[in-house]
Amino acid sequence: VRDILWLDYEAQSGCSLTDRGIHNYAAHPTTQLISVAYAFNKEPTQLWTPGQPFPKDFNNHVRKGRRVAAWNAVTERLLTNFVGKRLYGMVPMAIEQMMCCMVRAGHTALPLALEMAARAVGAPIQKDMDGAKALKIIMKPVSVDPITGAMVFATPETHHREFAAVYKYNMTDVDAMREVTKHTRPLSRFERKVYVIDQKINDRGVELDMVAVKILKRLAKKETIRLNDEMQAICGLNHTQTQKLKAWLVLRGVKIASLNKNALARLLALPTLPKSVRRALEIRQEAAKSSVAKLDAMILRAGPDNRARGCLQMGGAVSTFRWSGRAVQTQNLPRPVLTPYMINSILEWIKT
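Throughout, residues of each chain are indexed from 1 in the direction in which the sequence is written. Residue-level local features of this predicted model are given only where pLDDT is at least 70; pairs of side-chain atoms are given and counted only at 80 or more, and the full residue set underlies all totals for whole chains, interfaces and linings. Side-chain numbers come from the whole structure's heavy atoms, not from hydrogens or water.

S.K.: I keep staring at the overall build of the protein chain and nothing clicks. Help me out?
M.R.: Put simply, DSSP marks the helices as runs of H or I at least four residues long and the strands as runs of E at least two long, and each gets a number from the N terminus on. Along its length, the protein chain carries 14 helices and eleven strands. Evaluated residue by residue, the protein chain yields a buried proportion of 45% over its 352 residues. Whether two residues touch is decided by their heavy atoms; if any such pair falls within 4.5 Å, the residues are in contact. If you take every contact in the protein chain between residues at least 6 apart in sequence, the share linking residues at least 24 apart comes to 68%. When the accessible surface of the protein chain is split by element, carbon and sulfur atoms take 57% of a total near 19,300 Å². Lys and Arg are tallied as positive, Asp and Glu as negative. Neither His nor the chain termini are counted. A charged residue contributes its charge at one atom only: NZ of Lys, CZ of Arg, CG of Asp or CD of Glu. Measuring between centres, the 52 positive side-chain charges of the protein chain sit 6 Å from its 30 negative side-chain charges. The cut-offs for exposure are 20% and 50% of the maximum accessible area for each residue type, with area from a 1.4 Å probe on protein chains only; residues under the lower value are buried, those over the upper are exposed, and the others partly exposed. In these tables, accessible area is a Shrake-Rupley quantity obtained with a 1.4 Å probe, and a residue counts as shielded only by the protein chains included in the view.

S.K.: Even after reading the chapter, I still don't get the side chain of Q199, so can you show me in this structure?
M.R.: Looking at the secondary structure, you find Q199 in helix α8 (residues 189-204). One polar contact links Q199 to D198, side chain to side chain, over a distance of 3.0 Å. Beyond its immediate sequence surroundings of up to four residues, Q199 is in contact with V74, R77 and I95. In protein, a polar contact means a hydrogen-donor-capable atom and an acceptor-capable atom, both N or O and within 3.5 Å, with residues adjacent in sequence counting only if both atoms are side-chain atoms; elsewhere, any N or O pair within 3.5 Å suffices.

S.K.: I'm lost on the environment of T49 in this one. Help?
M.R.: Within the secondary structure, T49 is located in the loop between β3 (46-48) and α2 (56-63). Residue T49 is classed as buried on the basis of its relative accessible area of 13%. Sequence separation between T49 and Q243 is 194 residues; the distance between their C-alpha atoms is 50 Å. Apart from the residues within four sequence positions on either side, T49 is in contact with I34, S35 and Y167.

S.K.: Even after reading the chapter, I still don't get the pattern of salt bridges, so can you show me in this structure?
M.R.: Think of it this way: side chains of opposite charge can pair up when their charged atoms draw near. For salt bridges, the criterion is a side-chain nitrogen of Lys or Arg within 4 Å of an Asp or Glu carboxyl oxygen. Enumeration according to the criterion identifies 17 salt bridges in this entry. In this structure, D175 engages R178 in a salt bridge whose closest nitrogen and oxygen atoms are separated by 3.1 Å. Placement of both D175 and R178 in helix α7 (residues 160-181) is noted, with a separation of three residues, approximately one turn of the helix. A residue is classified by how much of its surface remains accessible, and R178, at 13% relative accessible area, is buried. Ionic pairing is found between K182 and E179, a salt bridge with its closest N-O pair at 3.1 Å. Among the residues examined, K182 registers a relative accessible area of 61% and is labelled exposed. Among the charged side chains, a network of salt bridges with common partners joins E223, R226, E230, R279 and E282.

S.K.: Quick question: what am I supposed to make of the pairing of strand β2 (residues 32-40) here?
M.R.: For a regular strand, the rule is simple: side chains alternate between the two faces of the sheet. The element β2 is extensively covered by neighbouring structure, given that eight of its nine residues are classed as buried. Note: strand β1 (residues 4-12) against β2, eight bridges, orientation antiparallel. Within the sheet, the bridge partner assigned to Y9 lies in β2 and is V36. By definition, two strands form a pair when at least two bridges between them are found by DSSP. Summarising the sheet, β2 and β3 pair through three bridges and their orientation is antiparallel. Bridged to A37 within β3 is L47. Hairpin remark: β2 followed by β3, antiparallel, with five residues in the connecting loop; positive phi at N41, about 50°.

S.K.: I would appreciate a short explanation of the sheet that holds β1 in the present structure.
M.R.: Sheet strands line up and pair through hydrogen bonds in the backbone, either parallel or antiparallel. Strand order in the open sheet formed by five strands is β3-β2-β1-β4-β5, with mixed pairing between adjacent strands. For this open sheet the edge positions go to β3 and β5 (98-100), each flanked by a neighbour on one side alone. Pairs of neighbouring strands in the sheet enclose a mean axial angle of 30°, with direction left out of account. Note: β1 against strand β4 (residues 67-70), four bridges, orientation parallel. Each bridged residue has a counterpart across the sheet, and for W6 the counterpart in β4 is A69. Against the sheet, α7 touches β1, β2, β3, β4 and β5, its axis set at about 145° to β1. To define axes, lines are fitted to C-alpha atoms, for helices over the stretch in contact only, and angles between the resulting N-to-C directions are given on a 0 to 180 degree scale.

S.K.: What should I look at first to understand helix α13 (residues 290-301) in this one?
M.R.: Think of an α-helix as 3.6 residues a turn; residues three or four steps apart then line up on the same face. Helix length check: α13 (twelve residues) gives 17 Å between terminal C-alpha atoms against 16 Å at 1.5 Å per residue, within 8%. Here α13 has its buried residues at K294, L295, A297, M298 and R301. On the buried face of α13, the contacting elements are α1 (17-27), α9 (210-235) and β9 (307-308). Here a helix's expected span is defined as the number of its residues, less one, multiplied by 1.5 Å.

S.K.: Help me understand unusual backbone geometry, please; the structure alone is not making it clear to me.
M.R.: Trans peptide bonds make up the majority, and among non-glycine residues the majority have a negative phi. Positioned with a positive phi, N306 is a non-glycine residue whose angle comes to about 60°. Assignment of secondary structure puts N306 in the loop between α13 and β9. Positioned with a positive phi, F321 is a non-glycine residue whose angle comes to about 65°.

Structure below.
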């Protein structure tokens, strides 16, 4: 019985997967598949490319609810359900039938990157890095139509060599994934249930107040300019010029290996700091807050319905198999020092 289908997709889009996340990427109207590499059980890997009839045995396997395995399986699931169904007649996939080989790798304390996991287990088949370079060329638009303004993508006719390299790369990934998965432990029944819940949480996303987010971003930018103007008056630098700031501190008798959050807190606790040094460090501390950077992540990750999706990674911390954050890092927000009533009042006030 062909009880498991191994998958790897390659795609091209005008949407940045890194910046906007797989949920926005898969839903973007310009996203299309370059190729689909697949294999049943231990059978040889096959390749499908757009323009060919879509394999019936592939669709039948998915339709029957049988297992589908992929590295970071949410990618193949969403590309199937948003792109494959619309453009190529692919049967949608359910969360419950997915086996995420990346989560299994994390469960076995292996790296989450396929290339590194393959090296870690000494797999005879390694990720094809030449194909990875070719993919970087064809995965994004190569130009813009000067008349219509439409994005122009590479095709097998315009970039024959790159497409051939990506096809090989795509198939090698399936083979490498199968080799690595031999060395991983399957999830328990309980962990499988947790994975399904995790995927539903990530698909549902977190609702964002985008009006407040954009206003806060504007206010943060104005405040950063004000702080940098003050810092320029003190030392002639901006808060981002770390190495020059260290040199400026050394000239004033303050030696420090790092200017990270903890190092700054230790320095500012010293009662003997010169006044100008203390204020420069206070500005650095205030202007470099990571909580402000979350606003950028929220703006990039928000979908048309103002929800940020894919913000959690099950087993992302491989040594403990606990969750880690992605993009907005929703589980790592600063603890509030104001009451909920005051926070809501402030948010309503700034919108006016």
